[in-house]
Protein chains: 2
Amino acid sequence: MATNDALNKKTEDKQCAKDARVCVPNPHLKKMKDDILYHFALGTSTHDFPALFGDIKFVCVGGSPSRMKTFITYIAELLDIGNPGYDYPNICAGTDRYAMYKAGPILSVSHGMGIPSIAIMLHELIKLLYHAKCSNVTIIRIGTSGGIGLTPGSVVITKQAVDATFKPQFEQIILGKSVIRSTYLDEKLTEDLMECAKELDQFNTVIGNTLCTLDFYEGQARLDGAICTYTEEEKMQYLKEAHMTGVRNIEMESSVFAAMCNLSGLKGNVI
Amino acid sequence: MATNDALNKKTEDKQCAKDARVCVPNPHLKKMKDDILYHFALGTSTHDFPALFGDIKFVCVGGSPSRMKTFITYIAELLDIGNPGYDYPNICAGTDRYAMYKAGPILSVSHGMGIPSIAIMLHELIKLLYHAKCSNVTIIRIGTSGGIGLTPGSVVITKQAVDATFKPQFEQIILGKSVIRSTYLDEKLTEDLMECAKELDQFNTVIGNTLCTLDFYEGQARLDGAICTYTEEEKMQYLKEAHMTGVRNIEMESSVFAAMCNLSGLKGNVI
């Protein structure tokens, strides 16, 4: 039996939400002497988080490590921060789980593929921002996705992430029990991003719901996986239903991303 | 409402299971002219699969790309196949999603973290082995895991993968509906591996159930994530229940691994 997460309500009242600081809704953290972010190969006793990360205002995350390096190089040049031609070092060089790059107030982090992979990264990223005493942080997931009813190359700004039954919720299993969390994204950020897209006028851009699946092949109704038990007609029927409920693209990370942004006071969106 | 997967029964009757060939329970594949394994950057029209991979008898998979390179170097030296000191090239160099290395009949492939990430890899690996006309293939997932009631450094050979409620099943969502798949692993292989462990006599080795979670922090009852809503007592209670049902370790990939081995006729285990 699923229950709604009490944290959704509580977070709104939290002091850290009021002064725009990043929240960690975990009372155990305060009792810990040292916090090791295993999958970043960083720790509070070995790294000075406020000095290294205290100025961060924007975090961009995406699946592939090489793309996140390309992104930091591109954005630093575009915004004229950092030296042209600089070879940005991987801050997480001590591990090959994730890659992380920084230019001024912008952090660029890879998250691999799928909900569990991005969730590990987000747990450790939220703690990193908390230990660094960051405030007013905006986080944007950028990535490729499959469009529904759109011309190829279109950009989708996510209004809300939905599950395989098109509900705006993420199911987190805690101690063997199902807990339901909200996957709405920051409305103001969605509007601001749409304004930017209009100003740029470079890509067909829409605001829509994003279907977040646990699987790339069977989960997204593809016919070309190793295993497939449905017909092309059933596939098309499912995608039509998705479109009718407002889904405009499909990917594999947005729901837990939205849920964790909501719980930690991060303004987030998926593009 | 969840349904049992009809494929579980059907696969047993399949010809490819009888002659030990790798199965692809997907009728659509036969109609495809060209099959692109997107996340390996390999395709049937650009690569000669039987020539490249036809001799494969063993596949070892693990999360980290660098570890899988270390593994192929180690195993090739141990078995005296390939040249000592050889720098094994990454067969999937065209992408940074996964890394793949080969030495004689052994393939070593990384799969990232979590069920969705390993599932994408397995869909494409099973198709690779099928296109290469491989037969009698054994696949073993090797990786770190959290032990329950064991001395650190122990080795667990998985009898069956279980979900967060300790049931030997994997829930696959297909077209928005829940389908339940069996997660038993090859019994003979489990016994053979235990025999090897006894002969080696290097590590404390046990056969046990493996708890497969969708999340590393809240999913595994950890107290040090960014979000935590339970007490230390509740955590210990959950882990005790797991131990009582036969769980000896926790990781994040075994259930879909077992389910997909069963459906494709691969003998598989998790260590």
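Residues numbered from 1 in each chain as written. Chains lettered and ligands numbered in written order. Predicted model: local features only at pLDDT ≥ 70, side-chain atom pairs only at ≥ 80, totals over all residues. Heavy atoms only, no water.

**Description of the UniProt feature "domain: Nucleoside phosphorylase" (unreviewed entry) in chain A**
Under the UniProt annotation, "domain: Nucleoside phosphorylase" (unreviewed entry) lies at residues 57-267 of chain A. Between the C-alpha atoms that bound residues 57-267 of chain A the distance is 11 Å, and the span itself is 33% helix and 26% strand. (UniProt positions renumbered as here; feature names shortened; annotations may be inferred. Helix = DSSP H or I, 4+ residues; strand = E, 2+ residues; numbered from the N terminus.)

**Re the interface of chain A and chain B**
Many structure descriptions define interface size as the accessible area lost when the parts assemble. Between chain A and chain B, the contact holds 61 residues from the first and 61 residues from the second. At the junction of chain A and chain B, the tally comes to two salt bridges. Close ionic contact of B:Arg181 with A:Glu218 constitutes a salt bridge, the shortest N to O distance being 2.8 Å. Across the chain A-chain B interface, the total number found is 24 residue pairs in polar contact (both at pLDDT 80 or more). When residues of the side of chain A that touches chain B are traced back to their parent elements, those giving at least two are α4 (65-78), α5 (115-131), β10 (169-174), α7 (232-244) and α8 (254-264) of chain A. Per-element accounting of the side of chain A that touches chain B gives the leading share, nine residues, to α5(A). (Contact = heavy atoms within 4.5 Å. Salt bridge = Lys/Arg side-chain N within 4 Å of Asp/Glu carboxyl O. Polar contact = N/O pair within 3.5 Å; in protein donor to acceptor, adjacent residues only side chain to side chain.)

**With respect to the relation of the copies chain A and chain B**
Aligned on chain B, chain A shows an RMSD of 0.0 Å; the corresponding rotation is 180° and the shift along the axis is 0.0 Å. The transformation just described matches what one would write down for a two-fold rotation axis. Comparing interface residues between copies, 100% of those in chain A also lie at the interface in chain B; the contact surface is shared. (Least-squares fit on C-alpha atoms with pLDDT ≥ 70 in both.)

**Thoughts on the state of the cysteines**
All names here are of chain B. Counted under the stated rule, the structure contains zero disulfides over all chains. As a non-bridged cysteine, Cys60 has Cys261 as the owner of its nearest cysteine sulfur, 12 Å distant. The class for Cys60 is buried, based on a relative accessible area of 10%. (Disulfide = S-S within 2.5 Å. Buried < 20%, exposed > 50% of the residue type's maximum accessible area, 1.4 Å probe, protein only.)

**What to know about a nonpolar patch on the surface**
A cluster of nonpolar side chains, A:Tyr74, A:Leu78 and A:Leu79, forms an exposed patch at the surface whose accessible area comes to about 330 Å². As for its position among the elements, A:Tyr74 is in helix α4. (Patch = residues over 30% accessible without salt bridge, like charges linked within 9 Å, V, L, I, M, F, W, Y side chains within 5 Å. Areas by Shrake-Rupley, 256 points an atom, 1.4 Å probe, with all protein chains shown as cover.)

**Brief notes about the environment of A:Leu125**
Residue and element names in this part refer to chain A. Position of Leu125 among the secondary structure elements: in helix α5. Along the chain, Leu125 and Ala164 lie 39 residues apart, while their C-alpha atoms are 27 Å from each other. Once residues lying within four places of it in the same chain are set aside, the contact partners of Leu125 are Phe40, Val59, Leu107, Val109 and Ile139.

**Some remarks on the sheet that holds strand β5 (residues 100-103) of chain A**
All names here are of chain A. With mixed pairing, five strands are arranged side by side in an open sheet as β5-β6-β4-β7-β14. Edge positions in the open sheet fall to β5 and β14 (267-270), since each of these has one partner strand only. Averaged over all pairs of adjacent strands, the angle between their axes in this sheet comes to 15°, without regard to strand direction. Relative to strand β6 (residues 106-110), α4 is tilted by about 165°, and along the sheet it contacts β4 (58-62), β5 and β6. (Pairing = 2+ DSSP bridges. Axes fitted to C-alpha atoms, helices over the stretch in contact; angles between N-to-C directions.)

**Describing the pairing of β10(A)**
Residues and elements named next belong to chain A. Every second residue of β10 is oriented toward a common face, the buried set being Phe170, Gln172 and Ile174 and the non-buried set Gln169, Glu171 and Ile173. In terms of strand pairing, β10 meets strand β11 (residues 177-182) through six bridges, oriented antiparallel. Bridge assignment links Glu171 to a residue of β11, and that residue is Ile180. What sits between the antiparallel neighbours β10 and β11 is a turn of two residues, in which Leu175 has the positive phi angle 50°.

**Side note on the sheet that holds strand β4 (residues 58-62) of chain B**
All names here are of chain B. Taken in spatial order, the five strands make up an open sheet running β5-β6-β4-β7-β14, and their pairing is mixed. Looking at the sheet topology across the chains shown, the edges are occupied by β5 (100-103) and β14 (267-270). When strand polarity is set aside, the average angle formed by the axes of neighbouring strands in this sheet is 15°. One ladder, built from five bridges, connects β4 with strand β6 (residues 106-110); its direction is parallel. By the bridge assignment, Cys60 is partnered in β6 with Ser108. Along the sheet, helix α4 (residues 65-78) makes contact with β4, β5 and β6, crossing β6 at roughly 165°. Each of β4, β7 (138-141) and β14 is contacted by helix α8 (residues 254-264), which is oriented at about 170° to β14, the strand it contacts most.

**As for the UniProt feature "binding site: phosphate" (unreviewed entry) in chain A**
The positions UniProt marks with the feature "binding site: phosphate" (unreviewed entry) are A:Arg97, A:Arg141, A:Ile142, A:Gly143 and A:Thr144. Residue A:Ile142 is classed as partly exposed on the basis of its relative accessible area, which comes to 25%. The residues touching A:Ile142, leaving out its near neighbours within four places in the chain, are A:Cys60, A:Val61, A:Gly62, A:Met68, A:Phe71 and A:Ile271. The residue A:Thr144 is located in the loop between β7 (138-141) and β8 (146-147) in this model. Here A:Thr144 is in contact with A:Arg67, A:Glu251 and B:Arg97, once residues within four sequence places are set aside.

**Considering the packing of α5(A) against α8(A)**
Residues and elements named next belong to chain A. Closest axis-to-axis distance for the α5/α8 pair is 9 Å, and the angle between their directions is 20°. By the angle between their directions, the pair α5 and α8 is classed as roughly parallel. Viewed along their axes, α5 and α8 form a crossing whose handedness is right-handed. Counting all contacts with α5, which are made through Ile115, Ile118, Ala119, Leu122, His123 and Ile126, the residues of α8 involved are Ser255, Val256, Phe257, Met260 and Ser264. (Parallel < 35°, antiparallel > 145°, perpendicular 65-115°, else oblique. Left-handed = near helix turned anticlockwise from the far one by under 90°.)

**Looking at the pattern of salt bridges**
All names here are of chain A. Per the stated rule, a full pass over the model turns up 15 salt bridges over all chains. Measuring nitrogen to oxygen at the nearest pair gives 3.0 Å for the salt bridge that ties Asp35 to Lys127. Residue Asp35 is found in the loop between α2 (15-18) and β2 (36-37), and its partner Lys127 is found in helix α5; the two are separated by 92 residues along the sequence. One exposure class covers both Asp35 and Lys127, and it is buried.

**As for the packing of aromatic side chains**
Scanning the model with the defined rule gives eleven aromatic pairs over all chains in all. Judged by centre distance (5.9 Å) and plane angle (75°), the ring pair of B:Phe40 and B:Tyr98 falls under edge-to-face. Within this pair, whereas B:Phe40 is found in the loop between β2 (36-37) and β3 (42-43), its partner B:Tyr98 is found in the loop between α4 and β5, the two being separated by 58 residues in sequence. You'll find B:Phe40 and B:Tyr98 in the same group, each marked buried. Each ring, one from B:Phe216 and one from B:Tyr217, has its centre 4.9 Å from the other, and the planes form 85°; the classification is edge-to-face. Classification of B:Phe216 as buried rests on a relative accessible area of 14%. The class for B:Tyr217 is buried, based on a relative accessible area of 0%. Linked through ring pairs, A:Phe216, A:Tyr217 and B:Tyr38 together constitute an aromatic cluster. Stacked on the ring of A:Phe216, the Lys or Arg A:Arg222 has its end atom at 3.7 Å from the ring centre. (Phe/Tyr/Trp six-rings, centres within 6.5 Å; stacked < 30°, edge-to-face > 60°. Lys NZ or Arg CZ within 6 Å of the ring centre and 35° of its normal.)

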